[in-house]
Amino acid sequence: MDLHQNYPGLSDLKDRARQRLPKFVWEYLDSGTGTEAAKAQNRTGLDRIGMLPSVLHGPLETDLSIELLGAAYACPFGVAPVGMSGLIWPDAEGILARSAAAAGIPYCLSTVASQMPEDLAPHLGKDAWFQLYPPKDEGIRSDLLARARDAGFRTLVLTVDVPVASRRERQTRSGLTQPPRLTPRLLAQIALRPAWALGMARAGMPHMRTLDKYISGDQANLPPTAHIGYLLRTSPDWAYVDWLRRNWDGPFIIKGVQRAEDARRLQEAGADAIWLSNHGGRQFDGCPPAISLLPEVREAVTVPVIFDSGIEGGLDILRALALGADFIMLGRAFHYALAALGEAGPAHLISILTKDLEANMGQLGLSSLTEARSLQLRKLA
């Protein structure tokens, strides 16, 4: 099958994913919070950024490579962390890690993934990232960092924009519980999706295996949008950031920043990069489009700025680069691809993104990504 003929864009993968996933899994992956205004605004905000094409450059050879935090990557994007990836597709974390390593891009594993850092050690590229949901207990914290480091993760990412569980009403309405339980309602949804059901029957229902060694007691009374990680974690403060900086000897990224003044202070606290994100509209529904905040954050810091939230193609990646981002991460997109095509999905999405980047760079007269900062931009109505 010619995947580019059948699935030429992310929207095609998204449609296919919706057809293959049980409703409760789809709602977990696709939903935002509240009325989902923030999720919609992320898309609208990107669409408002126009760029003027440039002509008469003759044939161009486009270079998509980029350097970030001392590492060289083949493309300016990577795989963002998504909790419980294994709920989307069996061996999701393994597939994503292998696909990223093969493509020369970073993969970031979530603390609340369905596979442990140790499971992924054989599959990691040389610059894998580990995302930390902050444990309160210092002993657990130290152990998690050691496990990530020993497994081969080079970069630590602290997520700071989840001080409490969000509501995610669509996810709640779907019947998904934490931890997942196969109620009659969910079993009825699963029966309609045989490919997903067969895969899960072989692999078993996923859970957050990284945290197994730290959890004891009853986990049955958690809110439907919380998870066992909430039994261990705290809402971090500036002292927490300082502790991590002193106890992690590799690149250190802070994820979930929206205010320029926070970005500035985090740089002063030792962050090696700032990750601008509104969590794809999953945490707070009253925030502006993430892309609209990028120029302010870029101006506030000299360290690299990583961006996510709403990115759906190569043109969006160029928009973010033009406004000051140094690197782009995609979470939902890679999981749509997984659900749509299984093991072949992530590699196909990487191909879609690179082809889209090359096509749009040709229209804009760009031979390298560093030239994106000089693009002429126009705000569209």
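Everything discussed here concerns the structure shown above.
Within each chain, residue numbers correspond to sequence positions counted from 1 in written order. Predicted model: local features are reported for residues with pLDDT of at least 70 only, side-chain atom pairs are reported and counted for 80 or more only, and whole-chain, interface and lining totals are derived from all residues. Water and hydrogen atoms play no part in the side-chain values, which are based on all heavy atoms of the structure.

Visitor: What am I meant to see in the state of the cysteines here?
Guide: Think of a disulfide as a covalent bridge from one cysteine sulfur atom to another cysteine sulfur atom. The disulfide definition used here is simple: a pair of cysteine sulfur atoms within 2.5 Å. One pass over the structure, following the stated rule, counts zero disulfides. There is no disulfide at Cys 108, and the cysteine sulfur nearest it, in Cys 75, is 18 Å away.

Visitor: Would you take a moment to explain the packing of aromatic side chains for this structure?
Guide: Each aromatic ring pair is summarised here by two numbers: the centre-to-centre distance and the angle between the ring planes. Here is the rule: rings of Phe, Tyr and Trp (six-membered ring for Trp) pair when centre to centre is within 6.5 Å. Planes less than 30 degrees apart are stacked, more than 60 are edge-to-face, and the remainder are tilted. Taken as a whole, this structure holds six aromatic pairs when the rule is applied. Between Phe 24 and Trp 196, the aromatic rings sit 6.0 Å apart at their centres with planes inclined by 85°, giving edge-to-face as the arrangement. In this pair, Phe 24 is assigned in helix 3 (residues 23-30) and Trp 196 in helix 11 (residues 194-203), connecting sequence segments 172 residues apart. Across this residue pair, the class does not change: Phe 24 and Trp 196 are buried. For the purposes of this entry, the term helix denotes a DSSP run of H or I that reaches at least four residues, the term strand denotes a run of E that reaches at least two, and both are numbered from the N terminus. Only protein chains enter the accessibility calculation, which uses a 1.4 Å probe; a residue whose area is less than 20% of its type maximum is buried, one above 50% is exposed, and one in between is partly exposed.

Visitor: How do you make sense of the sheet that holds strand 8 (residues 252-257) when you look at a structure like this?
Guide: Strands pair in a sheet through their backbones, by hydrogen bonds, and they do so in one of two ways: parallel or antiparallel. Should DSSP find at least two bridges between two strands, the strands are taken to pair. Reading across from one edge, 4-11-10-9-8-7-6-5 is the order of the eight strands in this open sheet, with parallel pairing throughout. The sheet terminates laterally at strand 4 (77-79) and strand 5 (108-110), the two strands that pair on one side only. Put simply, the sheet's adjacent strands are angled 30° from each other on average, direction ignored. Every angle, taken between N-to-C directions, lies between 0 and 180 degrees, and every axis is a line fitted to C-alpha atoms, over only the stretch in contact when it is a helix.

Visitor: Could you clarify how one ought to interpret the side chain of Gln 131 in this entry?
Guide: With respect to the helices and strands, the residue Gln 131 is situated in strand 6 (residues 128-132). Of the polar contacts made by the side chain of Gln 131, one reaches the side chain of Ser 110; its length is 3.1 Å. Pairs of residues are marked as contacts when any of their non-hydrogen atoms sit within 4.5 Å. With sequence-adjacent residues up to four places away left out, Gln 131 is seen in contact with Pro 81, Cys 108, Leu 109, Ser 110, Thr 111, Val 157 and Thr 159. For the purposes of these results, a polar contact is taken to be a pair of N or O atoms within 3.5 Å, where, inside protein, one atom must be able to donate a hydrogen and its partner to accept one; residues adjacent in sequence count only when each atom of the pair is a side-chain atom.

Visitor: It is not clear to me how the pairing of strand 8 should be interpreted in this structure. Could you clarify?
Guide: Among the six residues in strand 8, six count as buried, and that is most of the element. Across four bridges, the pairing between strand 7 (residues 153-159) and strand 8 is parallel. The partner of Thr 159 across the bridge, within strand 8, is Lys 255. Both strand 8 and strand 9 (residues 273-276) contribute to a ladder of four bridges, which runs parallel. For Ile 253, the partnering residue across the bridge sits in strand 9 and is Ala 273. Call a crossover right-handed when, viewed with both strands pointing away from you, the route from the first strand across the helix to the second goes clockwise. Handedness of the crossover is the feature at issue here: the chain leaves strand 8, passes through helix 13 (residues 260-268), returns alongside strand 9, and the resulting connection is right-handed.

Visitor: Looking at this model, I keep getting lost on the environment of Arg 332. Mind explaining?
Guide: Among the secondary structure elements, Arg 332 is positioned in helix 16 (residues 332-341). It is 9.3 Å that separates the C-alpha atoms of Arg 332 and Glu 312, two residues lying 20 residues apart in sequence. Residues contacting Arg 332, with those up to four places away along its chain left out, are Leu 29, Asp 30, Ser 31, Gly 32, Lys 39, Gly 280 and Arg 282. Engagement of the side chain of Arg 332 in a polar contact is seen with the backbone oxygen of Ser 31, the distance being 2.9 Å.

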